Amino acid sequence: SANAYYTAIREFVVRNPVATEDTLAYSKPTVPGGLWLAVQKEYYEPIPSGLVRGGKIIMCAYCNSLMQKHEISGQLRCQSRACHQTRPTLSGDTLDATNARRVHKSIHQYWVEPGIDEIFLYDALLKAGLPAKLYPDQDKVDIAVDDIGMDLKTYASPEILGAKFKQGIGGLAHYGRKWVVIPDWLIKLTPNYLNRLKSAMGEESSQRLHCLSSSQALSAIQNEATQKVGGTCAS
């Protein structure tokens, strides 16, 4: 059951970077009680006083991260870069800070921040009726659809990411089709990202890996599914 527990815990944490004590106690994933107690203790902490206003905190309506004031504009926005780069600002629930917990900074950095884009794409695939799997086999890849393994990456530098894949492709090796998926917002911010990434990978890796944006990945899988259905109907 380790694979299922891993996926359940990681998905819950990514979807709930801030959560009430009731949510942590009564809306927990289906995992052993002892394991869940460890997650609560090791992954979550009280809300720092510097983030509290009048005893309250405000959550993002999209990803449940904390809303914070922008240093320059003074306007509230989601603390998750992936979220505020992708969607317009929208405040969600206002919570009593004493009854809320947030994930530790390291968990936010390594699970939640990249997980925002992973969850956005995963939910879009499910909405399209596609058999997507999240963090299969304890995170061999971020998302799998049949023989396609997808790793979503948010490296600011395509050269650093390319050098990483030049050394090895990790869990993608277990899939027939190996996709490196870059969020649309990062591609818009970084000139010529995909071509620079392919160049930095080197010829061997660039031939094995298919590099594309999140929207391209979703469109490609949807088109393939449509063609399969059309072929089945025709036959």
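Residues numbered from 1 in each chain as written. Predicted model: local features only at pLDDT ≥ 70, side-chain atom pairs only at ≥ 80, totals over all residues. Heavy atoms only, no water.

Details of the sheet that holds strand 12 (residues 210–213)
Strand order in the open sheet formed by five strands is 8-9-10-11-12, and the pairing between neighbours is mixed. Two strands in the sheet have a free side with no partner beyond their single neighbour: strand 8 (132–134) and strand 12. In this sheet, neighbouring strand axes are inclined to one another by 25° on average, regardless of whether the strands run parallel or antiparallel. Packed on one face of the sheet, helix 5 (residues 105–127) meets strand 8, strand 9 (143–145), strand 10 (148–152) and strand 11 (177–182) and runs near 155° to strand 8. Strand contacts of helix 9 (residues 193–201): strand 11 and strand 12, with the helix running at about 160° to strand 12, the strand carrying the most contacts. (Pairing = 2+ DSSP bridges. Helix = DSSP H or I, 4+ residues; strand = E, 2+ residues; numbered from the N terminus. Axes fitted to C-alpha atoms, helices over the stretch in contact; angles between N-to-C directions. Contact = heavy atoms within 4.5 Å.)

Comments concerning the packing of helix 1 (residues 2–15) against helix 5
Two elements in contact, helix 1 and helix 5, have axes whose closest approach is 8 Å; the angle formed by their N-to-C orientations is 95°. Classed by the angle they form, the pair helix 1 and helix 5 counts as roughly perpendicular. Between helix 1 and helix 5, the contacting residues are Y6, I9, R10, E11, V13, V14 and R15 on the first element and I107, Y110, W111, V112, G115, I116, E118, I119, Y122 and D123 on the second. Considering only residue class, the contact of helix 1 with helix 5 consists of eleven nonpolar, one polar and five charged. (Parallel < 35°, antiparallel > 145°, perpendicular 65-115°, else oblique. Nonpolar A, V, L, I, M, F, W, Y, C, P; charged D, E, K, R; others polar.)

Thoughts on the sheet that holds strand 7 (residues 100–103)
Ordered in space as 1-7-2, the three strands form an open sheet in which the pairing is antiparallel. The open sheet terminates on both sides in strands that have one partner only, identified here as strand 1 (18–20) and strand 2 (44–46). Sheet twist, expressed as the average angle between the axes of neighbouring strands with direction ignored, equals 40°. By the bridge criterion, three bridges tie strand 2 to strand 7 in an arrangement that is antiparallel. The partner of E45 across the bridge, within strand 7, is R102. Lying over the sheet, helix 3 (residues 33–43) contacts strand 2 and strand 7, oriented at roughly 50° with respect to strand 2.

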